[in-house]
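These are the residues of each chain, in order.
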Amino acid sequence: SLASSQLRVEPLQALSQASAEHGSHEDEAAEVQQKQRTPVRKLEPSVPVAAPDEEEGDTCAICFEQWTNAGDHRLSALRCGHLFGFTCIDRWLKGQPGKCPQCNKKAKRSDIVILYARTLKALDTSEQERMKSSLEKEQQLRRQAELESAQSRLQLQVLTDECSKLRKQVQELRALVAQHVSASQQPGSSRACLPSSLPSSQSQCKYHLENVFVVSQSGNCRVMAYCDSLSCLVVSQPSPQSTFIPGCGVKMMSVANLKSSQYIPIHSKQIRGLAFGSRADGLLLSAALDNTIKLTSLATNTVVQTYNAGRPVWSCCWCLDDTNYIYAGLVNGSIMIYDLRDTSSHVQELVPQKSKCPMVSLSYLPRMASASLPYGGILAGSLEGACFWEQKSGISYRPHHLPLEPGGCIDIQTEITTRHCLATYRPSKSNPCVRCVMMELTCSPLTEAEDVICSSNPVQTFSAGPTCKLLTKNAIFQSPEEDGSVFVCAGDEASNSALLWDAGSGSLLQKLQADLPVLDICPLEVNQTHLLATLTEKMVKIYKWQ
């Protein structure tokens, strides 16, 4: 029994020992399984976590400044694993032998790696970078604004200087107007042709058609002129017998008996200008596109003198102060001066000051006792403007550019007694109609010496139709009533007529109808009878004032 009891005790002890060992094995297995299930929790204590008041993990080991997740100081690492700001480690590897600042392992610039970590605690400088960009833009805009401000100040200075000059000119013009007003109020002085003092015609008379002359059936008539001493009207036309007598000439018309006379051949090409002087022998001055200026005697119907200008001649006129001189306007804008006592060539050439446009009109203003312009000289009109060549002495001339509108001027005519001129302008974008501007020629002292400046002031503007294809020669002349009023007559291509205005009031007095566009207008007087001649390319119409 003892033996059996020992045998029972031993297995029980072995069983309890085995169960104890099995329990210990199970605890170890459970502990290992738990470690396998939660390995992160066991590894967390091994990662060094900085205290809230410590920021070593957020700062660069070189500059001790916080690195960023954007910009130049963004987080970067070497192959050894140490972290730095990008600019710091880049400069370090440039200036030091290739080693890490912390572990001294070999490193080079190509080893620098920029890190992109979500859980990294880095200083967010994106807003700072945006502010820097905005600051740079604002600085650029400020520099641009300062430059524009400097330019504006410079422009303001230039405009201020121009305004001062204009104010000075206005003061000079006001003084000139006051001088003319005071001169007009003195008894016995000449009439001052100011806009307010220019009288209007009160007459009830009108121009009535008196006769019609057919000059050329084929057309191509261009200009005409009137000889007071012979009471003869001459009209340019092509040769009626071009086969036998080619070229161009003039046809004479007696205004006394209203009959046409014979044809006189003069030039080989189209005639552009005709003029009579104050000579009693009736010499006709003609200018043509065949480069010549010729003098023709109407007494013998022959050419007595020829001058070769070398270029096409567009206009001509006589010197009314000395009948020995004649003037020719050329295609290049020059004015040739000829002395009839010198039959070889010109004695002087007046070169254009500005553009070299054809000289479409020439008029001579004689010296006279006038308050507005007592000086004599040549009024030259080109397609770009006008110039008054003041005759100083002999053949010495001084140019005065008149303030006309730039471009579009096709004709300038003068009224000698009242010292007015009439400038005709083509239609333009700003002015769709043909305009005739009447201007007063004036002069004012330039300095305390004898030098003066000649100019022109607009007085009245007359508008015609919207068509202008021809260089029509208009007219400005004193009223037949001899009451001091001035008439303006201009051709209107749109209506094939000649329009007559009263310059004082600006009112339209008559519309003289024609079959074709009017090319030239010539007022004339025969035996105290006032007539008006209008020329088309085929015929002349004579109107009588009654």
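Residues numbered from 1 in each chain as written. Predicted model: local features only at pLDDT ≥ 70, side-chain atom pairs only at ≥ 80, totals over all residues. Heavy atoms only, no water.

## Description of unusual backbone geometry
The phi dihedral of Asn 104 falls on the positive side, at around 60 degrees, and the residue is not glycine. Mapped onto the elements of the fold, Asn 104 is located in the loop between α3 (86-95) and β3 (113-114). For Asn 104, a relative accessible area of 54% corresponds to the exposed category. (Helix = DSSP H or I, 4+ residues; strand = E, 2+ residues; numbered from the N terminus. Buried < 20%, exposed > 50% of the residue type's maximum accessible area, 1.4 Å probe, protein only.)

## Notes on the environment of Tyr 307
Structurally, Tyr 307 can be placed in strand β12 (residues 302-308). The class for Tyr 307 is buried, based on a relative accessible area of 1%. With 13 residues separating them in the primary sequence, Tyr 307 and Lys 294 have C-alpha atoms 6.3 Å apart. Excluding residues that lie within four positions of it along the chain, Tyr 307 makes contacts with Asn 291, Thr 292, Ile 293, Ile 326, Tyr 338, Asp 339, Leu 340, Asp 342, Thr 343 and Ser 345. Polar contacts involving the side chain of Tyr 307 include one to the main-chain carbonyl oxygen of Asp 342, which spans 3.1 Å. (Contact = heavy atoms within 4.5 Å. Polar contact = N/O pair within 3.5 Å; in protein donor to acceptor, adjacent residues only side chain to side chain.)

## Some thoughts on the sheet that holds strand β31 (residues 539-545)
Strand order across the open sheet formed by four strands is β4-β31-β30-β29, with antiparallel pairing between neighbours. Every other strand in the sheet has two partners, leaving β4 (207-214) and β29 (520-526) as the edge strands with one partner each. Taken pair by pair, the neighbouring strands of this sheet meet at an average axis angle of 25 degrees, ignoring direction. In the sheet, β4 pairs with β31 via seven bridges, with the strands oriented antiparallel. Bridge pairing in β31 links Val 212 to Lys 541. (Pairing = 2+ DSSP bridges. Axes fitted to C-alpha atoms, helices over the stretch in contact; angles between N-to-C directions.)

## Concerning the pairing of strand β20 (residues 396-401)
Note that strand β19 (residues 385-393) and β20 share six bridges and pair antiparallel. Bridging from a neighbouring strand, Ser 393 pairs with Ser 396 of β20. Joining the antiparallel neighbours β19 and β20 is a turn of two residues, in which Gly 394 adopts a positive phi near 60 degrees.

## Focus on the packing of aromatic side chains
Applying the stated criterion to the full structure yields seven aromatic pairs. Ring geometry for Phe 477 against Phe 487: centres 6.1 Å apart, planes inclined by 80 degrees, an arrangement best described as edge-to-face. Taken as a pair, Phe 477 in strand β25 (residues 475-478) and Phe 487 in strand β26 (residues 486-492) lie far apart in primary sequence, 10 residues in all. Of the two residues, Phe 477 and Phe 487, both sit in the buried class. Through successive ring pairs, a cluster of aromatic residues spans Tyr 207, Phe 477, Phe 487 and Trp 545. Note that Arg 272 overlies the ring of Trp 314, its terminal NZ or CZ placed 4.6 Å from the centroid. (Phe/Tyr/Trp six-rings, centres within 6.5 Å; stacked < 30°, edge-to-face > 60°. Lys NZ or Arg CZ within 6 Å of the ring centre and 35° of its normal.)

## Quick look at the sheet that holds strand β16 (residues 348-350)
Here we have four strands laid out as an open sheet, ordered β13-β14-β15-β16, and antiparallel in their pairing. Of all the strands in the sheet, just β13 (313-318) and β16 have a single pairing partner and so form its edges. The average angle at which neighbouring strand axes cross in this sheet is 25 degrees, direction not considered. Judged from the five bridges that link them, strand β14 (residues 325-330) and strand β15 (residues 335-339) form a sheet pairing that is antiparallel. Considered in β15, the bridge of Ala 328 is made with Met 336.

## A few points about the nonpolar core
Membership of the largest hydrophobic core comes to 19 residues, with the highest contact counts inside it found for Leu 422, Met 438, Phe 462, Ile 476, Val 488, Trp 501 and Ala 503. Sorting the residues of this core by element identifies β23 (435-445), β24 (452-463), β26 and β27 (497-502) as the ones contributing at least two each. Of the residues forming this core, the biggest block, three residues, is contributed by β26. Residues contacting Leu 422, with those up to four places away along its chain left out, are Asp 411, Ile 412, Gln 413, Cys 436, Val 437, Met 438, Asn 474, Ala 475, Ile 476 and Val 488. (Core = buried A, V, L, I, M, F, W, Y, C linked by side-chain atoms within 4.5 Å.)

## Structural notes on the environment of Asp 111
Position of Asp 111 among the secondary structure elements: in the loop between α3 and β3. Taking relative accessible area as the criterion, Asp 111 reaches 10% and is therefore assigned buried. With 33 residues separating them in the primary sequence, Asp 111 and Leu 78 have C-alpha atoms 5.6 Å apart. Discounting residues that sit within four places of it in the chain, Asp 111 has contacts with Ala 77, Leu 78 and Arg 79.

## What about the environment of Pro 466?
Mapping Pro 466 onto the fold places it in the loop between β24 and β25. Classification of Pro 466 by relative accessible area gives exposed; the value is 55%. Separated by 35 residues in the primary sequence, Pro 466 and Asn 431 place their C-alpha atoms 9.1 Å from one another. Those residues within four positions of Pro 466 in sequence are excluded, and the remaining contacts are Pro 427, Pro 432, Cys 433 and Ala 494.

## Side note on the pairing of β26
Note on strand geometry: in a regular strand, side chains alternate between the two faces of the sheet. Counting buried positions along β26 yields seven of seven residues, so the element is predominantly enclosed. Both faces of β26 are covered, namely the face carrying Val 486, Val 488, Ala 490 and Asp 492 and the face carrying Phe 487, Cys 489 and Gly 491. In this structure, β25 lies alongside β26, joined through four bridges in antiparallel fashion. When the bridges of β26 are listed, Gln 478 appears paired with Val 486. Relative to β27, β26 is paired through six bridges, and the arrangement is antiparallel. In the strand pairing of β27, Asp 492 is matched with Ser 497. Turn length for the β26-β27 hairpin, with the two strands adjacent in sequence and antiparallel, is four residues, and the turn residue Asn 496 shows positive phi of about 50 degrees.

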